[in-house]
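Single-letter residue listing:
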Amino acid sequence: MKNNPLPRLDEDQALRERLLPHCRLSLGEVWEDPLGQHRVACADATNLSHIKNLVRDDRASLAIHDPPYNLVAFNLRDVDAFIEWCADWVQLSERFMVHNASFYVWLGADQNQHFQPLPQFMMMMQQLELFESRSFITMRNQRGYGTQKNWMAVRQELLYYTKGNPFFEVQYTDIPKILRGYYKKINGRKTENLERGRSENIRPGNVWVDIQQVFYRMEENVSGCYAQKPLKSSERIISASSQPGDCVLDFFSHSGSTLISCEQLGRRCLTADLDPIYCEISIRRLEHFRNSGKVGWQNGHPFEDVLEPSLDEQLMADE
Ligand SMILES: C[S@@+](CC[C@H](N)C(=O)[O-])C[C@H]1O[C@@H](n2cnc3c(N)ncnc32)[C@H](O)[C@@H]1O
């Protein structure tokens, strides 16, 4: 396995200076997929003209947003300012969605700060009255923190809202059903759950325990990214809440997980990121997937053509 990772690209200023000249987008610009499927914008999620440039006359039936919820990364804005900012992009997103639509938001909850900003975000959504609450999903991470003096923190929150009456298709995990029971009479005959079920596997429900968190040994890993969601999670959301050909919005692209899942599932992705480097990574990841069938770089990285080979690579080449 290659050993050529990048550090967090939002924090390494010197590396950013080297990469920025290789980024195709600056703020306000949009990358058009030459195959006509997707668009990637370097955009501020709260800027109407940026988002108009991205979405144009399309309308999305699904949005999957994963905002930066680490308040430290967010210049220590207080929670009220963060929630006001969220209200801006939530309203903007809704403007560009069809009447029967699904809206998903990943959010953190700081257990040392009264679980902010989760309850404040929920209240804000209630007050906006744009969407109905539909489900409160938790995805279980494998790695956690605080194992000795507290319950290990391994959860990621995913809020599911709807407007109108959107499409929904039940999803299944890869875990086989093992329990028999739940007897029910159908046409006078006693049946049990295994024969009544539409799948031999269990459904994920609203606690997802079957998704592996991304780490450097997985092909889908994109090093330089610090908040990459597993493709299995975006694939599950997109399969449940959209149909082939539909438009999917994601205002916080980062590693481009929603973009890759849309490409794999035949949906059109309209995605944005404020940072030109993460826009470039998203575009490169799509191109890499189309050229190689690979969904990431494992422990290599997306800028190998523009950065000198690592010491590790030089040693391998010398051998
Ligand atoms: C939590 S990450 C998204 C992770 C993504 N779901 C993935 O799987 O890779 C948040 C992203 O939002 C971007 N961002 C921060 N502020 C933004 C803004 N105002 N508008 C658009 N993107 C923003 C950051 O650059 C970062 O890449």
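Our subject is the structure that appears above.
The following paragraphs examine the structure supplied in this document. Only a predicted model underlies this, so the values are computations on that prediction, with no experimental measurement involved.

## Quick notes on the site of the ligand
In the vicinity of the ligand, 19 residues are found, and the nearest of them are D66, K229, F252, H254 and S255. Along the lines of polarity and charge, the residues of the shell around the ligand split into 9 nonpolar, 5 polar and 5 charged.

## A word on the sheet that holds strand β11 (residues 268-273)
What links the strands of a sheet is backbone hydrogen bonding, and the strands pair in either a parallel or an antiparallel sense. Spatially, 9 strands are ordered β1-β2-β11-β10-β3-β4-β6-β5-β9 in an open sheet, and the strand pairing comes out mixed. The sheet is open, and its two edges are formed by β1 (30-32) and β9 (207-208), each paired on a single side. Pairing of strand β3 (residues 60-65) with strand β4 (residues 97-107), which is carried by 5 bridges, proceeds in the parallel orientation. Residue pairing across strands places H65 opposite V105, the latter belonging to β4. In the packing of helix α6 (residues 231-241) onto the sheet, contacts are made with β3, β4, β5 (132-145) and β10 (247-250), and the angle to β3 comes to roughly 155°.

## As for the pairing of β4
Pairing of β4 with strand β6 (residues 153-163) involves 7 bridges; the strand directions are antiparallel. Along β6, the bridge assignment pairs F103 with Y161.

## Quick look at the nonpolar core
If you look at the biggest cluster of nonpolar residues, it comprises 65 residues, and the most contacted ones within it are A60, A63, Y104, V248 and L249. When residues no more than four places from it in sequence are discounted, the contact partners of V248 are A60, L62, I64, I238, S242, T258, C262, R267, R268 and C269.

## Thoughts on α6
Three or more residues of α6 are buried, namely L231, S233, S234, R236, I237, I238 and S241. Contact partners of the buried residues in α6: β3, β4, β5, β10 and α7 (257-265).

## A word on the pairing of β11
Within β11, 5 of the 6 residues are buried, which leaves the element mostly enclosed by the surrounding structure. Relative to β11, strand β2 (residues 39-42) runs parallel, the two sharing 4 bridges. Within β11, the position partnered with R39 by the bridge is L270. Where β10 meets β11, 4 bridges bridge the pair, whose relative direction is parallel. From the neighbouring strand, C247 faces β11, where its bridge partner is R268. Where the polypeptide runs from β10 across α7 and back to β11, its parallel neighbour, the crossover connection is right-handed.

## Let's talk about the packing of α6 against α7
Where α6 contacts α7, the axes come no closer than 9 Å and their chain directions differ by 55°. Regarding the angle of α6 to α7, the classification is oblique. The chirality of how α6 crosses α7 is right-handed. Residue-level inspection shows L231, S234, E235, I238 and S239 of α6 in contact with α7, the latter providing S257, T258, I260, S261, C262, Q264 and L265. Taken together, the residues of the contact of α6 with α7 break down into 5 nonpolar, 6 polar and 1 charged.

Thresholds, definitions, all that
- Residues numbered from 1 in each chain as written.
- Predicted model: local features only at pLDDT ≥ 70, side-chain atom pairs only at ≥ 80, totals over all residues.
- Near = placed C-beta within 6 Å.
- Nonpolar A, V, L, I, M, F, W, Y, C, P; charged D, E, K, R; others polar.
- Pairing = 2+ DSSP bridges.
- Helix = DSSP H or I, 4+ residues; strand = E, 2+ residues; numbered from the N terminus.
- Contact = placed C-beta atoms within 7 Å.
- Axes fitted to C-alpha atoms, helices over the stretch in contact; angles between N-to-C directions.
- Core = buried A, V, L, I, M, F, W, Y, C linked by C-beta atoms within 7 Å.
- Buried ≥ 20, exposed ≤ 12 C-beta atoms within 10 Å, placed from the backbone.
- Right-handed = clockwise from strand over helix to strand, strands pointing away.
- Parallel < 35°, antiparallel > 145°, perpendicular 65-115°, else oblique.
- Left-handed = near helix turned anticlockwise from the far one by under 90°.

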